[in-house]
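# Structural overview for review
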Amino acid sequence: MAEDPFDAGAGGILRQPKAVWATAGASVVAFMGIGLVDPILPSIAKGLNATASQVSLLFTSYFLITAIAMLVTGFVSSRIGGRKTLLLGLALVVVFAALAGTSGSVGQLVGFRAGWGLGNALFVSTALAVIVGAAAGGSAAAILLYESALGLGMACGPLLGALLGDASWRYPFFGTAFLMAVGFLCITAFLKEQPRPARRTSLLDPIKALGHGGLASAAVSAFFYNYTFFTVLAFTPFVLNMTPYKSGAVFFAWGVLLAVFSVIVAPRMQKRFGSLKVLGGSLVLLAADVVVLGYGGHTTAIVCTILSGAFIGVNNTVYTELALGVSDAPRPVASAGYNFVRWFAAAAAPYLAPKIEEWTDFHIPFVVAGATALVGALVVLLRRRALTHDAQEHQPQHATEDGVAVFAN
C-alpha cells in the first residue's frame, strides 16, 4: 500500500525531523535565487548603465556554471558526504550573493552570479538525497516537501526581489546572503552526516548515462523546452517594463501557478492521460501562450506570463519523472546527465533573446521561444516509443511514490 504523504503520523509531511525542515527551508531560499533578479532586471540595467542583453548575462553565467557543475556535484558529494556538500554550496552562495550586492559594474555582477551558480548547484543537487535520507517514514512525504520547497521558492523569489529591490537593486542580493547564512547555521546544528554512496561517482558517469537513448531523448527535448522557459523568465521583464513591485506581483502569481500545477495538477493529469500525452500537449500550449504574449497588448502579455507558469509547472514535473525513470542509471547520475544538457539552454536563452530583439524586434524572441517549445514536443513525439518502453521497463526502480515527481535542479 502506498504511503500517504499527508498522513499526520510518524511518516507524514508534518512529522519530519528538524534536519529535514532545515534542509527544506534552505532549499526554498536556494530556489528563490533563480527568480530573485526578475523584477529588478530593469533597475539593475539602469543602476549599472547596462543594456538588456548585458544584464541578462546574470542568468547566462549562473546557469552555464550550473550546467557544468552537474558533472561535479556527484563526484564531490560521493567523496565528502551530503552534509559537507550542502554546507559548501551554502557557503559559496552566501559569499557570492553578498559580493553581487557590492558590484560596481555589470561585469562584476555577472562574475559573482557565476560563483553563486556553482554554490547553488552543489546545494540543490544534494538537497533531495539528503531530505529523502533523513526523512521519517518513507520517500513520498520527503519528495512532496522538496517539491513544495521548489514551488514556494520560485514563487517567493520575485516577490522578495521586488520588496527589497524597490529601495535598491542591491538589497535582494544582501537579503539572499543573510537567509542562506541562516540556512547554513540550521543545517550545521540539526543535520547529521548522511551515509555515503557505496560507489563513488566519477566525472564521466553523467556523460556515459546519456548514451542511453531514452535519457538522451528526454534531455534533448528538455533542452528546447528550457529555452522557452527562460525566455519567459529572463526576457519578459523588459517587455512588461513595470515597476519592481508590479513585476514582482506578476511573477509571484506565475510562481504560484507553477507550484500548484507541478505538485498537485501534473500528477493527476499523468495518471489520467499518461505522461507523454500530457507533456506534448503542455508544450504545444506553452508555445501558443508565448507567441500570444509576444504579439498581444500589455494586459495580454501579463496574463500570458502568469498563465505560462501552469504549463511550466506541468512540464517540470513530467520531464523530471522521465529523466529519473527512463534509464537504468542510478538516479543521481541520470539526473546529473539530464541537467547537464538542459541547463545549457537556460544559459543561452537569456543572452540570445535580447540579441534577437536588437537584430529584429521584440516580437521575434517569443516566436523563437514558441518554436523551441514545439521542437521539444516533436522530440517527444518522434521518440515516444523509446521513452515509453524504457520508462515502463525501469519505472519500478526509480518511480516516485504516488506519482509525485521531483524537479531535479
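Predicted model, so just to flag it, every value in this text is computed and none were measured. (Residues numbered from 1 in each chain as written. Predicted model: local features only at pLDDT ≥ 70, side-chain atom pairs only at ≥ 80, totals over all residues. Heavy atoms only, no water.)

## Points about the environment of Phe229
Here Phe229 is to be found in helix α10 (residues 213–240). The sequence separation of Phe229 and Val290 amounts to 61 residues, and the corresponding C-alpha distance is 9.5 Å. Apart from the residues lying within four places of it in its own chain, the contact partners of Phe229 are Met154, Trp254, Ile312 and Asn316. (Helix = DSSP H or I, 4+ residues; strand = E, 2+ residues; numbered from the N terminus. Contact = heavy atoms within 4.5 Å.)

## A short note on the packing of aromatic side chains
For the coordinates displayed, the defined rule picks out 16 aromatic pairs. Measuring from centroid to centroid gives 6.0 Å for Tyr225 and Phe229, while their planes differ by 35°, and the two rings are tilted. In this pair, Tyr225 and Phe229 are both assigned in helix α10, 4 residues apart and thus about one turn of the helix distant. On the accessibility criterion, Tyr225 (1% relative accessible area) is buried. For Phe229, a relative accessible area of 1% gives the class buried. Note on Phe251 and Trp254: the rings are 5.8 Å apart at their centroids and 65° apart in plane angle, and the pair reads as edge-to-face. Within this pair, Phe251 and its partner Trp254 are both found in helix α11 (residues 244–273), separated by 3 residues, close to a single helical turn. Taken as a pair, Phe251 and Trp254 share a single burial class, namely buried. In this arrangement the basic side chain of Arg113 is found over the ring face of Phe59, its NZ or CZ atom lying 5.9 Å from the centre. (Phe/Tyr/Trp six-rings, centres within 6.5 Å; stacked < 30°, edge-to-face > 60°. Buried < 20%, exposed > 50% of the residue type's maximum accessible area, 1.4 Å probe, protein only. Lys NZ or Arg CZ within 6 Å of the ring centre and 35° of its normal.)

## Quick look at the side chain of Ser217
Summarising the element assignment, Ser217 is placed in helix α10. Not counting the four nearest positions on each side in its chain, Ser217 is found in contact with Val379, Arg383 and Leu387.

## A few points about a nonpolar patch on the surface
On the surface, a cluster of nonpolar side chains totalling about 320 Å² of accessible area is made up of Val72, Leu203, Leu204 and Ile207. Taking the relative accessible area as the measure of exposure, Val72 reaches 31% and is therefore partly exposed. (Patch = residues over 30% accessible without salt bridge, like charges linked within 9 Å, V, L, I, M, F, W, Y side chains within 5 Å. Areas by Shrake-Rupley, 256 points an atom, 1.4 Å probe, with all protein chains shown as cover. Salt bridge = Lys/Arg side-chain N within 4 Å of Asp/Glu carboxyl O.)

## Concerning the packing of α10 against helix α14 (residues 331–359)
It is the contact of α10 with α14, at a shortest axis distance of 7 Å, that shows an interaxial angle of 35°. Judged by the sense of rotation from one axis to the other, the crossing of α10 with α14 is right-handed. Residues of the contact of α10 with α14, tallied by class, amount to 24 nonpolar, 2 polar and 2 charged. (Axes fitted to C-alpha atoms, helices over the stretch in contact; angles between N-to-C directions. Left-handed = near helix turned anticlockwise from the far one by under 90°. Nonpolar A, V, L, I, M, F, W, Y, C, P; charged D, E, K, R; others polar.)

## Overview of the environment of Leu240
Take Leu240: it is sitting in helix α10. Between the alpha carbons of Leu240 and Val250 there is a distance of 9.7 Å; along the sequence they are 10 residues apart.

Geometric values such as these leave the question of function open.
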